Amino acid sequence: MQKLKIIFIFFLLINGFAIAQTTKTFTNPLLPAGADPYSFYKNGYYYYTHTTGNCIVIWKTKNLAELKSAEKRTIFIPPSGTQYSKEIWAPQIQFIKGKWYTYFAADDGSNKNHRLYVLENASDDPMKGKWIFKGKVADPTNKWAIDGDVFEHGGVLYMIWSGWQGDVNFEQDIYIAKMKNPWTIEGARVRISAPVFEWEKNGDLNDPNNPPHVNVNEGPQILKDNNKLFIVYSASGCWTDFYALGLLTFTGNGNLLDSASWKKNPVPVFQQSKQNGVYAPGHNSFFKSPDGKEDWILYHANAAPGLGCGRNRSPRAQKFTWNADGTPNFGIPVKTDSLIPVPSEMEIRNIEDKKSLINLADPTIFHHRNLYYLYGTVEGNANEGFLVYTSVDMKLWKLAETSNDGYALKKGDAYGTAQFWAPQVFYYNKKFYMAYTANENIAIAESKSPLGPFKQKIKKPVTTAVKQIDPFVFIDDDGKKYLYHVKLTNGNRLFVAEMKDDFSAIKPETLKECITATESWENTASSSWPVAEGPAIIKNNGLYYFLYSANDFRNPDYAVGYAVSISPYGPWKKYRGNPIINKKTIGTNGTGHGDIFKNNKGESIYVFHTHNSDSTVSPRKTAIVKLKFVKDTIGGSKKLVIDEKSFYYLHREMDK
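Residues numbered from 1 in each chain as written. Predicted model: local features only at pLDDT ≥ 70, side-chain atom pairs only at ≥ 80, totals over all residues. Heavy atoms only, no water.

**Q** I'd like a rundown of the overall build of the protein chain, residues and numbers included.
**A** Of the regular secondary structure elements, the protein chain holds 2 helices and 45 strands. Here the C-alpha radius of gyration of the protein chain, 27 Å, is about what a compact globule of 656 residues would show, namely 26 Å. For the C-alpha atoms alone, the extent of the protein chain along its principal axes is close to 85 × 85 × 50 Å. Scored against the burial criterion, the 656 residues of the protein chain give a buried share of 57%. Expressed as a percentage of contacts within the protein chain between residues at least 6 apart in sequence, the contacts between residues at least 24 apart total 51%. Accessible surface, the protein chain: about 28900 Å² in total, of which carbon and sulfur atoms supply 51%. Mean positive and mean negative side-chain charge positions of the protein chain (78 and 65 charges, respectively) differ by 4 Å. (Helix = DSSP H or I, 4+ residues; strand = E, 2+ residues; numbered from the N terminus. Rg over C-alpha atoms; globule rule 2.2 N^0.38 Å. Buried < 20%, exposed > 50% of the residue type's maximum accessible area, 1.4 Å probe, protein only. Contact = heavy atoms within 4.5 Å. Areas by Shrake-Rupley, 256 points an atom, 1.4 Å probe, with all protein chains shown as cover. Lys, Arg positive; Asp, Glu negative; His and termini not counted. Charge placed at Lys NZ, Arg CZ, Asp CG, Glu CD.)

Here it is in structure tokens:
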């Protein structure tokens, strides 16, 4: 009997441990201290920062609930004796137009000299690379400024911040201005909010070094949902327990610089909760859960009354919802001992129909013997290889059972240690091949099955003088093989070269440039590094149709156009009606980087990715749309169009 008791207790302990392991919760605060918290999500990681006062530190974590154990790096210690040496406040780390930027406020020890500044890092990972001080970010008035937030709307960059009208500290207002680039304001500032309600005017000071009273609007943060645009800001002095969040709603028709188009909510939308022991909640930011389904607010607060603006403020997070009128509902601050489920992860659970969207970027579909095989860049984990999904109807997909846990190509079996991007699978001479990108070079691996494992006997890339990505192998009717690809040289530019029969290398003497982004739709951000990428070739009635994507993939205007030629080398004539796939034709942002295949009926299908939402790029969603060749009244040859009604997202069958 004693032995049975011991076994039973051991069973309970083991099962209790399993339950504890699968119950993912956290409690606020996320860290013991940290005001003005901010996070940015990219490639499966949250990059977090907050005010330290004398330097800028960033944290990196897959789960914001685990900040206490997260990797961190000090990215900036200001030099002494400058206008930005002291009082470093409210840093924000953002990824804009292909680079990392950190905005912050600082002064020389005198508050009246507070201004906004920015750092830049060209590395893909902000924990690596070099952070460069780009300088001050100021409008022509160069007035006192703190709490800058940069966002893009309608293809235009804007900055919002808290500033003074003049040179005397008696009131902080919210301003907006256009930006020429991530470090330069273009044009005049416009005031869109000033403290007008009583709940915004709690600001008495008992400090001989400051004015007796200051009204405050500060910490503005942009919030987008569908077609609605909001600014959430902090009001009243942070030194009071009445520090709270207010809401501005954009009601105009496109001109964000029209102050009359911003409507202020008459009451705060998030404020202290005495019953929950949370005081002066404010200076927030927002983030999405890793699966893109949940909205979260990140803010600081005090755990007791009267603690003011000091080091007692700590970062907290909680999920929020949306009201019937489309405005955010933040609820009330939760207690510090409340168990909160962590933000929902990529494996979406408890879905009634057992389906979830597939999140593969740069997708390709290979059709073989009535079965469809789907591959792509694995969002959030592109350093391990390529997963493969299968489907009989393209409507519901299953992660394939492979020898590599669902991977068709696994790191270690072929060239590459990271950045496994943009695969293409094709069949030739009774072998299956995968062309792909790794470490910003192109490689080609072989397999006996479309499920893999795709391997190389000699692990090497296709030789090149510069970095190259996005391969597309096209085998013409005469058996000649061509590699269409992107070279990273003064932009992302599309090239073609004939390949050797065994796909081991290109014939260098045949290398020829095909397409560069030169048209207005191809570079809506006027970037100094124009992008044309994601090639795919289809032949129809003796003509070659070259589909490609343009703009940076993070740009909402990322789109697909095509060009036509009578030769696989070109010259290529771009279609006058480009783009054929974009946010207008499909109704969602970031459409592009796909591949062409034929279904069981012989119809041409284009598989591609889109942004996750209007406000979030990743995790990108995988979709398909039918292509059609129709008579063109101009030019004689047939034009390529899409069947907009055929557009739909691909879903994965969930485990039961």
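That shown, we press on.
**Q** Explain the pairing of strand β6 (residues 86-96) to me, using residue names and the numbers behind them.
**A** Working note: regular strand, side chains alternate between the two faces of the sheet. For β6, the tally of buried residues reaches 8 of 11 residues, placing the bulk of the element in the interior. Between the end of β6 and the start of strand β7 (residues 99-107), which pair antiparallel, lie 2 residues, with K97 showing a positive phi angle near 50°. (Pairing = 2+ DSSP bridges.)

**Q** Summarise the packing of aromatic side chains; cite the residues concerned and give the values.
**A** In the structure shown here, the tally under the stated rule is 51 aromatic pairs. With 4.7 Å between their ring centres and 10° between their planes, W144 and W164 make a pair best called stacked. A residue pair is termed long-range when its members are at least 10 positions apart, and W144 in the loop between β9 (132-137) and β10 (145-153) and W164 in the loop between β11 (156-163) and β12 (171-181) qualify at 20 residues. Residues W144 and W164 agree in their burial class; the two are buried. Aromatic rings pair up to connect F230, F270, F286, Y299, F320, W322 and F330 into one cluster. Across from the ring centre of Y45, 4.4 Å away, lies the NZ or CZ of K60, which sits over that ring. (Phe/Tyr/Trp six-rings, centres within 6.5 Å; stacked < 30°, edge-to-face > 60°. Lys NZ or Arg CZ within 6 Å of the ring centre and 35° of its normal.)

**Q** Can you tell me about the pattern of salt bridges, naming the residues and giving the values?
**A** On inspection of all chains with the given rule, the structure shows 23 salt bridges. A salt bridge links D557 to K583; its shortest N-O distance comes to 2.9 Å. Of this pair, D557 sits in the loop between β38 (543-550) and β39 (559-565) while K583 sits in helix α2 (residues 583-586); the two residues are 26 residues apart in sequence, bridging distant segments of the chain. Judged by relative accessible area, D557 falls into the buried class, the value being 16%. The class of K583 is partly exposed, set by a relative accessible area of 29%. Residues E603 and K626 are paired through a salt bridge, measuring 3.5 Å at the closest nitrogen-oxygen approach. Residue E603 is located in the loop between β41 (592-598) and β42 (604-610), and its partner K626 is located in strand β43 (residues 621-630); the two are separated by 23 residues in the primary sequence. Relative accessible area serves as the criterion here: at 28%, E603 is assigned to the partly exposed category. Assessed through its relative accessible area of 29%, K626 is described here as partly exposed. Through salt bridges that share partners, E171, D173 and R191 make up one connected network. (Salt bridge = Lys/Arg side-chain N within 4 Å of Asp/Glu carboxyl O.)

**Q** A description of the pairing of strand β32 (residues 441-447) should follow, citing residues and the corresponding values.
**A** Within β32, 6 of the 7 residues are buried, which leaves it mostly tucked inside the rest of the structure. In terms of strand pairing, strand β31 (residues 431-438) meets β32 through 7 bridges, oriented antiparallel. Bridge pairing in β32 places A438 opposite N441.

**Q** Any details on the sheet that holds strand β5 (residues 71-76)? Residues and values, ideally.
**A** Read from one edge to the other, the open sheet built from 4 strands follows the order β2-β3-β4-β5, with strand pairing classed as antiparallel. Bordering the open sheet on either side are β2 (35-42) and β5, each of which pairs with just one other strand. On average, each strand axis in the sheet is tilted by 25° relative to the strand beside it, whichever way the strands run. (Axes fitted to C-alpha atoms, helices over the stretch in contact; angles between N-to-C directions.)

**Q** Just give me the short version of the sheet that holds strand β18 (residues 279-288), but keep the residues and values in it.
**A** One open sheet accounts for 4 strands, arranged β18-β19-β20-β21; its pairing is antiparallel. Strands with a single pairing partner mark the edges of an open sheet, and in this sheet they are β18 and β21 (328-329). Two strands pair when backbone bridges link them, and strand β19 (residues 295-302) and strand β20 (residues 314-322) are joined in this way by 7 bridges, in the antiparallel orientation. Pairing of A301 across the sheet is with S314, part of β20.

**Q** A description of the nonpolar core should follow, citing residues and the corresponding values.
**A** Counting 45 residues, the largest nonpolar core has Y484, I515, F546, L547, I581 and Y606 as its most contacted members. Counting residues per element, this core draws most heavily on β38, at 7 residues. Those residues within four positions of L547 in sequence are excluded, and the remaining contacts are G534, P535, A536, I538, V560, G561, Y562, I596, Y606, L627 and L640. (Core = buried A, V, L, I, M, F, W, Y, C linked by side-chain atoms within 4.5 Å.)

**Q** An account of the environment of Q318 is needed here, citing residue identities and associated values.
**A** Following the sequence through the fold, Q318 ends up in strand β20. For Q318, a relative accessible area of 4% corresponds to the buried category. Between the C-alpha atoms of Q318 and W296, which are 22 residues apart in sequence, the distance is 5.6 Å. Once residues within four sequence positions are removed from consideration, Q318 is found in contact with F270, W296, I297, Y299, F330, I332, P333 and V334. At 2.8 Å, the side chain of Q318 and the side chain of Y299 are in polar contact. A distance of 3.0 Å separates a polar side-chain atom of Q318 from the backbone oxygen of I332. (Polar contact = N/O pair within 3.5 Å; in protein donor to acceptor, adjacent residues only side chain to side chain.)

**Q** Give me the state of the cysteines: which residues, what numbers.
**A** Under the criterion given, the structure shown has 1 disulfide. Residue C238 pairs covalently with C309 via a disulfide, S to S 1.8 Å. Taking the sign of the torsion about the S-S bond as the criterion, the disulfide between C238 and C309, at about 115°, is right-handed. One end of the pair, C238, is in the loop between β15 (228-235) and β16 (244-250); the other, C309, is in the loop between β19 and β20, with 71 residues separating them in the sequence. Among the cysteines around C55, which has no disulfide bond, C238 carries the closest sulfur, lying 19 Å off. (Disulfide = S-S within 2.5 Å.)

**Q** Lay out unusual backbone geometry in plain terms, naming residues and giving numbers.
**A** Residue P453 is bonded to the preceding G452 through a cis peptide linkage, with omega at 0°. Along the chain, the position of P453 falls in the loop between β32 and β33 (468-475). Of the consecutive residues G570 and P571, the connecting peptide bond is found in the cis state with omega at 5°. Residue placement: P571 occurs in the loop between β39 and β40 (573-574). Even without a glycine there, the phi angle at S236 is positive, about 75°. Among the structural elements, S236 can be located in the loop between β15 and β16. Taking relative accessible area as the criterion, S236 reaches 0% and is therefore assigned buried.

**Q** Give me the lowdown on the side chain of D139, citing residues and values where you can.
**A** The residue D139 is located in the loop between β9 and β10 in this model. No salt bridge is formed by the buried D139; its nearest oppositely charged neighbour, R189, is found at 4.0 Å. In this view, D139 contacts W161, I185, G187 and R189; residues no more than four positions away in its chain are not counted.

**Q** Could you give me a rundown of the side chain of T622, with the residues and numbers involved?
**A** The topology assignment puts T622 in strand β43. Look at T622 and you get buried, because its relative accessible area is 0%.

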